[in-house]
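One-letter residues, chain by chain:
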Amino acid sequence: LSCTPFMDVIYKNRNWYLVIEREMFNLNQQNIERLFARVNSPNIRLTLSKNDLKSGELYFIKVEALKRGYLSLIQFFDSGQLQVLIDNDIVSSNKSITFPDDTLYEGLYAEANKQNKLSKRFSKDLTLAILCDDRIDLSTISAISNESLVENNQYLFSQLMQKVSKCSVSSDIINIKGRL
């Protein structure tokens, strides 16, 4: 007989925690770095125009779907926030997309999180390209906008990982240095 306890990963009070049942365990820097990992799926390719940026620089994200499906693009900030850039766009096999559209925009704005903005530390943001056979519900995650991110987004990382467990996922890391 075996059982799996309830486990979750949350960001609270500027720290990452592993929650098992009702106990919270503070994750050290090495464990946090493992959350921000590069992953490559054979069904979807993800390329960033730059991986190392200074706060205020612009960059693009290129995604190539190697099979038909529903494409979502999500950014996971080291502050614990999530943001949807593309939500369940239907793509055909061998379809390539640049975000934002480089014929209309100059790029995405890289911004170090508030703690790292004026220091020598890097912010590490994770970009996830997700390709699913069926639509996934991303309605609880804030869509990209000029407004501040919804605070409760910081508790959705584990929920997102459960939703995409049957999908193809590729990810890449953006290192953003604060301005001195």
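First, a word on what this report is: a plain description of the structure on this page. Since the model is a prediction, treat every value here as computed from it, not as a measurement.

### Remarks on the overall build of the protein chain
Point 1. From N to C terminus, the protein chain includes two helices and 13 strands.
Point 2. For the protein chain, buried positions account for 44% of its 180 residues.
Point 3. Look at the contacts in the protein chain between residues 6 or more apart in sequence, and 70% of them connect residues 24 or more apart.
Point 4. Counting every atom, the protein chain has about 10,700 Å² of accessible surface; 48% of that belongs to carbon and sulfur.

### What to know about the sheet that holds strand 7 (residues 61–65)
Point 1. Strands sit in the order 4-7-10 across an open sheet of three strands; the sheet is antiparallel. Taken across any chain shown, the strands that pair with only one partner, and hence form the sheet edges, are strand 4 (44–48) and strand 10 (95–99). Ignoring strand direction, the axes of neighbouring strands in this sheet form an average angle of 15°.

### Some details on the sheet that holds strand 8 (residues 69–76)
Point 1. Strand order in the open sheet made by the five strands is 5-13-12-8-9, with mixed pairing throughout. The open sheet has two edge strands, strand 5 (52–54) and strand 9 (82–91), and neither has a second partner. Across this sheet, the average inter-strand angle for adjacent strands is 20°, counted without regard to direction.
Point 2. With seven bridges connecting them, strand 8 and strand 12 (residues 122–132) associate as antiparallel partners. Looking across to strand 12, one finds that Ile74 is bridged to Leu128.

### As for unusual backbone geometry
Point 1. For the peptide bond that leads from Phe99 to Pro100, omega is -10°, which places it in the cis range.
Point 2. Located in the positive-phi region is Asn88, a residue other than glycine, with phi close to 55°.
Point 3. Of note, Asn88 is situated in strand 9.
Point 4. Overall, the relative accessible area of 4% leaves Asn88 in the buried class.
Point 5. One non-glycine residue, Asn94, lies in positive phi territory at about 60°.
Point 6. Looking at the element boundaries, Asn94 is found in the loop between strand 9 and strand 10.

### A closer look at the pairing of strand 3 (residues 23–26)
Point 1. As defined by bridge partners, strand 2 (residues 15–20) adjoins strand 3 across four bridges and the pair is classed as antiparallel. Residue Leu18 lies in a different strand from strand 3, and its bridge partner there is Phe25.
Point 2. The loop that links strand 2 with its antiparallel partner strand 3 comprises two residues; one of these, Glu21, has a positive phi angle of about 55°.

### Remarks on the pattern of salt bridges
Point 1. The full count for this structure, using the stated rule, is four salt bridges.
Point 2. A salt bridge links Glu64 to Arg45; the nearest nitrogen and oxygen atoms lie 3.1 Å apart. Taken together, the positions of Glu64 in strand 7 and Arg45 in strand 4 put the pair 19 residues apart, joining distant regions of the chain.
Point 3. With a relative accessible area of 22%, Glu64 lands in the partly exposed category.
Point 4. Across the salt bridge formed by Lys67 and Asp133, the nearest N and O atoms sit 3.1 Å from each other. Taken together, the residues Lys67 in the loop between strand 7 and strand 8 and Asp133 in the loop between strand 12 and helix 2 (157–163) connect sequence positions 66 residues apart.
Point 5. Residue class for Asp133 comes out exposed when judged on its relative accessible area of 52%.

### Section: the side chain of Ser171
Point 1. Of note, Ser171 is situated in strand 13 (residues 168–177).
Point 2. A relative accessible area of 4% means that Ser171 is categorised as buried.

Reading the values: the criteria
- Residues numbered from 1 in each chain as written.
- Predicted model: local features only at pLDDT ≥ 70, side-chain atom pairs only at ≥ 80, totals over all residues.
- Heavy atoms only, no water.
- Helix = DSSP H or I, 4+ residues; strand = E, 2+ residues; numbered from the N terminus.
- Buried < 20%, exposed > 50% of the residue type's maximum accessible area, 1.4 Å probe, protein only.
- Contact = heavy atoms within 4.5 Å.
- Areas by Shrake-Rupley, 256 points an atom, 1.4 Å probe, with all protein chains shown as cover.
- Pairing = 2+ DSSP bridges.
- Axes fitted to C-alpha atoms, helices over the stretch in contact; angles between N-to-C directions.
- Salt bridge = Lys/Arg side-chain N within 4 Å of Asp/Glu carboxyl O.

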